[in-house]
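The primary structure of each chain is shown beneath.
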Amino acid sequence: MTDRSTLLSLSRRRLLLTASALAAVTLVATTGLSPVLAADTPKEGGDITFLIDSLGDTWIPNNSAISSFQGHIWGHVTDKLLYVDAEGKVSPWLAERWEQNDNATEFTLHLKSGVTFSDGEPLDAKAVVANLDIWYAGRKNEGINPIGLFPKTYDRAEAVDAATVKVFFKKPTLGFIPTLGYHGSILISPKSIAQPASAQADLSKTAGSGPYVVESWKEGDHVTLTKRKDYNWGPAAVGHTGPAFLDTITYKLVSEPSLRVASVQSGQADVAYNASPQELKSLKEEGFTVATPRYLGFVNGWAVNTKHAPYDDVKVRQALQAGINRQEIIDTVYTPDWKLATSFIQSNVPGATDQSALLAFDPAKAEKLLDEAGWVKGANGIRAKDGKELVLTIHSNPYLATSKSVDELIAQQLGKLGWKVVIRAYDVVTYGEKVKFGGAAVPTYEVTRSFIDAGTVAGILTNANNGENWFALDDRDAKINELRDSIAGAGSFDERSPLLNDLQKHVLDQGYFIPRTQIVQRIYVQSPTLKGETYNGVAYASYYTAFIAD
């Protein structure tokens, strides 16, 4: 842990303007997710402060999961081979082009030349191979994990020459190319990779190739980034490839949401992360920029433990599916920025299909299903069977600020149908220890998970290839396992698409996954003078193209 300079105060530094304005460039508008001409001409210089709610567990780059804080930092300090936008479109970045064989088991990546890490090492084919190997295998005995969604079918990678990498898989792996744009697929210097975990946990000792480098950091307090003046390989999709415009970005921990927002309102900070949804309307009216980008991934909902009675009964799960009024959740807890779930994956994910009919609020259907399953309402309104009450224990997700409010509303909805709902709330550490997919005391597990390619989903849901077995099905559902294997073995997207549709329909019809809403996990409230930021496929804000307007 290091702190090489004093922390910037929360008051914004005076904007440093160059003698002449830059020519207009194509940027992503603050409210849009595709490149358009910015209303203001970008200006060089300036410093911003971004107030965030929590820090991650470790700065080791290779990790099975990373926090929002880590994701924002790595998004500025490192680059990726490919860029994936908010609609799942894949475009070149450090891999200028690529090819694959007919059955998607071999891929060839052609790299951009002249790219270097901040430690001076070249980002060449050997460096990419080193990163691919660590993403797949990690070094678990040292506490360096594989990337959670990196394809488990990976065999090996070879450096054909300095600018060409050939990658081999044991089985068809259509999702490989999109996964290169996932937030965990960050490229770091081979020197950093070779370091022990203790050194990798020191943020100042990890070299990336991104537009910013770490100027100072203090654990549990802040990270300050300063721009790299020789950077010239940004993704073309964001309309800019040269050095960043802003001089520095300081990420500062402020745990109280109202204080983060108040600091932006008073001009002491530039961005507040994860404000309350109820504040957004008034903040927009005050002229602040509000962004609620959806990421590519699962909707917010519950993975149901099918080994936990009474949720081992399909009729009870189907009643749960029909008994939730999802529109009321949006109308009560959220704003129109949130969208109804139409599947268990977000509607902007390529391969998502509309399964709204299976998610319709139908309390009469839910009551009928519970009656058929033998759950009878008592005088107190709670259903019971064989002397046991119909109970649902919900564990509110501490990573989503609105989770408990949604839980409380759903408890009211299900209470009218005869459920007794118990809500438990833990802090992040306790939640991680007590609440797990398929845990003996966990009937439902709340999901907030991003991914880039829908083809990875089936393997996560089941127990194949060390999958996470979300529904505790093991091998009890032949259909989901058949779909899993067919999706994994598909050699083309045309072959895979109808299989993904069938998987979504089956999972929802069986009540394995209970969607709540499409998720907006990352909310940004921003000063109106800060322009030109972009949001990628996992809804992280990048200030690489941002600038402070006159």
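Calculation notes
- Residues numbered from 1 in each chain as written.
- Predicted model: local features only at pLDDT ≥ 70, side-chain atom pairs only at ≥ 80, totals over all residues.
- Heavy atoms only, no water.
- Pairing = 2+ DSSP bridges.
- Helix = DSSP H or I, 4+ residues; strand = E, 2+ residues; numbered from the N terminus.
- Axes fitted to C-alpha atoms, helices over the stretch in contact; angles between N-to-C directions.
- Contact = heavy atoms within 4.5 Å.
- Core = buried A, V, L, I, M, F, W, Y, C linked by side-chain atoms within 4.5 Å.
- Buried < 20%, exposed > 50% of the residue type's maximum accessible area, 1.4 Å probe, protein only.
- Arc of directions from axis to C-beta.
- 1 Å grid on protein atoms, 1.4 Å probe; cavity = no way out; pocket = protein on both sides within 12 Å on 5 of 7 lines; lining within 4 Å.
- Points joined across faces, edges and corners; volume = space filled by probe spheres on them.
- Nonpolar A, V, L, I, M, F, W, Y, C, P; charged D, E, K, R; others polar.
- Parallel < 35°, antiparallel > 145°, perpendicular 65-115°, else oblique.
- Left-handed = near helix turned anticlockwise from the far one by under 90°.
- Salt bridge = Lys/Arg side-chain N within 4 Å of Asp/Glu carboxyl O.
- pLDDT = per-residue confidence, 0-100.
- Phe/Tyr/Trp six-rings, centres within 6.5 Å; stacked < 30°, edge-to-face > 60°.
- Lys NZ or Arg CZ within 6 Å of the ring centre and 35° of its normal.

**Overview of the sheet that holds strand S9 (residues 164-169)**
Okay, so step 1: Taken in spatial order, the 4 strands of this open sheet run S6-S7-S9-S8, and their pairing is antiparallel. At either margin of the open sheet sits one strand with a lone partner, and together these are strand S6 (95-100) and strand S8 (154-161). Sheet twist, expressed as the average angle between the axes of neighbouring strands with direction ignored, equals 20°.
Okay, so step 2: Bridge count for strand S7 (residues 106-111) against S9 is 5 bridges, and the pairing is antiparallel. The residue of S9 that forms the bridge with Thr108 is Lys166.
Okay, so step 3: Where helix H2 (residues 125-137) meets the sheet, its contacts fall on S7, S8 and S9, and the angle it forms with S8 comes to roughly 175°.

**Regarding the nonpolar core**
Okay, so step 1: Counting residues in hydrophobic clusters, the biggest one holds 159 residues, and the most contacted among them are Leu81, Leu132, Trp419 and Tyr543.
Okay, so step 2: The biggest single contributor to this core is H2, with 7 residues.
Okay, so step 3: Apart from residues lying up to four places away in sequence, Leu81 is in contact with Pro92, Trp93, Leu94, Ala95, Leu109, Leu111, Val128, Trp135, Leu180 and Leu187.

**Quick look at helix H6 (residues 257-265)**
Think of an α-helix as 3.6 residues a turn; residues three or four steps apart then line up on the same face.
Okay, so step 1: Listing the buried residues of H6 in full gives Arg260, Val261, Ser263 and Val264. An end-on view of H6 places all buried positions within 155° of arc, on one side of the element.
Okay, so step 2: Buried residues in H6 make contact with strand S3 (47-52), strand S13 (271-273), helix H7 (280-285) and strand S23 (524-526).
Okay, so step 3: Gly267 lies just past H6 and shows a positive phi near 85°.

**Digging into empty space enclosed by the protein**
Okay, so step 1: Under the criterion given, the structure shown has 3 cavities of 30 Å³ or more.
Okay, so step 2: Empty space within the largest cavity amounts to approximately 280 Å³.
Okay, so step 3: Gly75, Tyr83, Trp93, Asn536 and Ser542 are the residues nearest the centre of the largest cavity, which is lined by 24 residues in total.
Okay, so step 4: It is helix H1 (residues 68-77) that provides the largest number of residues to the lining of the largest cavity, a total of 5 residues.
Okay, so step 5: Across the lining of the largest cavity, the residue classes tally to 14 nonpolar, 9 polar and 1 charged.

**Considering the environment of Lys479**
Okay, so step 1: You can see Lys479 is positioned in helix H14 (residues 478-489).
Okay, so step 2: Judged by relative accessible area, which is 46%, Lys479 ranks as partly exposed.
Okay, so step 3: Spatially, the C-alpha atoms of Lys479 and Gly220 are 47 Å apart, while their sequence positions differ by 259 residues.

**Overview of the layout of surface pockets**
To find leftover empty space, a probe the size of one water molecule is rolled over the atoms.
Okay, so step 1: A volume near 550 Å³ is recorded for the second largest pocket.
Okay, so step 2: If you trace the second largest pocket, you find 28 residues lining it, with Thr153, Gly455, Gly459, Asn465 and Ala488 closest to the centre.
Okay, so step 3: Of all elements in the fold, only helix H13 (457-461) and H14 reach the threshold of two or more residues within the lining of the second largest pocket.
Okay, so step 4: Element by element, the count of residues in the lining of the second largest pocket is highest for H14, at 5 residues.

**Points about the packing of helix H8 (residues 314-322) against helix H10 (residues 363-372)**
Okay, so step 1: Closest axis-to-axis distance for the H8/H10 pair is 8 Å, and the angle between their directions is 165°. The pairing of H8 with H10 is recorded here as roughly antiparallel in orientation. H10 is crossed by H8, and the crossing has left-handed handedness. For the pair formed by H8 and H10, the contact residues are Lys315, Val316, Gln318, Ala319 and Ala322 on the first element and Pro363, Lys365, Ala366, Leu369, Leu370 and Glu372 on the second.

**Topic: the pattern of salt bridges**
Okay, so step 1: Inspection of the entire model under this criterion finds 24 salt bridges.
Okay, so step 2: Ionic pairing is found between Lys404 and Glu408, a salt bridge with its closest N-O pair at 2.8 Å. Here Glu408 and Lys404 lie together in helix H11 (residues 403-415), a separation of 4 residues that amounts to about one turn.
Okay, so step 3: Among the ionic pairs, Arg449 bridges to Glu468, the shortest N-O distance being 2.9 Å. Taken as a pair, Arg449 in the loop between strand S21 (444-447) and H13 and Glu468 in the loop between H13 and H14 lie far apart in primary sequence, 19 residues in all.
Okay, so step 4: Classification of Glu468 by relative accessible area gives partly exposed; the value is 33%.
Okay, so step 5: Residues joined by salt bridges that share partners form a network here, namely Glu367, Asp371, Lys377 and Arg383.

**Looking at the side chain of Gln195**
Okay, so step 1: Along the polypeptide, Gln195 turns up in the loop between helix H4 (190-194) and helix H5 (197-200).
Okay, so step 2: According to the relative accessible area criterion, Gln195 is buried, its value standing at 19%.
Okay, so step 3: With residues near it in sequence (within four places) discarded, Gln195 still touches Arg139, Ile144, Gln200 and Lys205.

**Remarks on the confidence of the model for the chain**
Okay, so step 1: On average, the chain scores 89 in pLDDT, and the residues at 70 or more come to 92%.
Okay, so step 2: In the predicted structure, residues 1-38 sits below a pLDDT of 50 and forms 107 contacts with residues beyond four places in sequence or in another chain.

**A closer look at the packing of aromatic side chains**
Okay, so step 1: Enumeration according to the criterion identifies 31 aromatic pairs in this entry.
Okay, so step 2: Note on Tyr83 and Trp93: the rings are 6.1 Å apart at their centroids and 70° apart in plane angle, and the pair reads as edge-to-face. Taken together, the residues Tyr83 in strand S4 (residues 82-84) and Trp93 in the loop between strand S5 (90-92) and S6 connect sequence positions 10 residues apart.
Okay, so step 3: Look at Trp93 and you get buried, because its relative accessible area is 8%.
Okay, so step 4: Taking 6.5 Å as the distance between ring centres and 15° as the angle between the ring planes, the aromatic pair formed by Phe298 and Phe513 counts as stacked. Taken as a pair, Phe298 in the loop between strand S14 (289-291) and strand S15 (300-304) and Phe513 in strand S22 (residues 513-517) lie far apart in primary sequence, 215 residues in all. The residues Phe298 and Phe513 share a single accessibility class, namely buried.
Okay, so step 5: Put simply, the rings of Phe50, Trp59, Phe69, Trp74, Trp217, Tyr251, Tyr273, Tyr524, Tyr535 and Tyr543 pair up and form one aromatic cluster.
Okay, so step 6: One residue, Arg156, lies across the ring of Phe168, its end atom 3.9 Å from the ring centre.
Okay, so step 7: Over the ring of Tyr540 we find Arg522, and its NZ or CZ is 3.9 Å from the ring centre.

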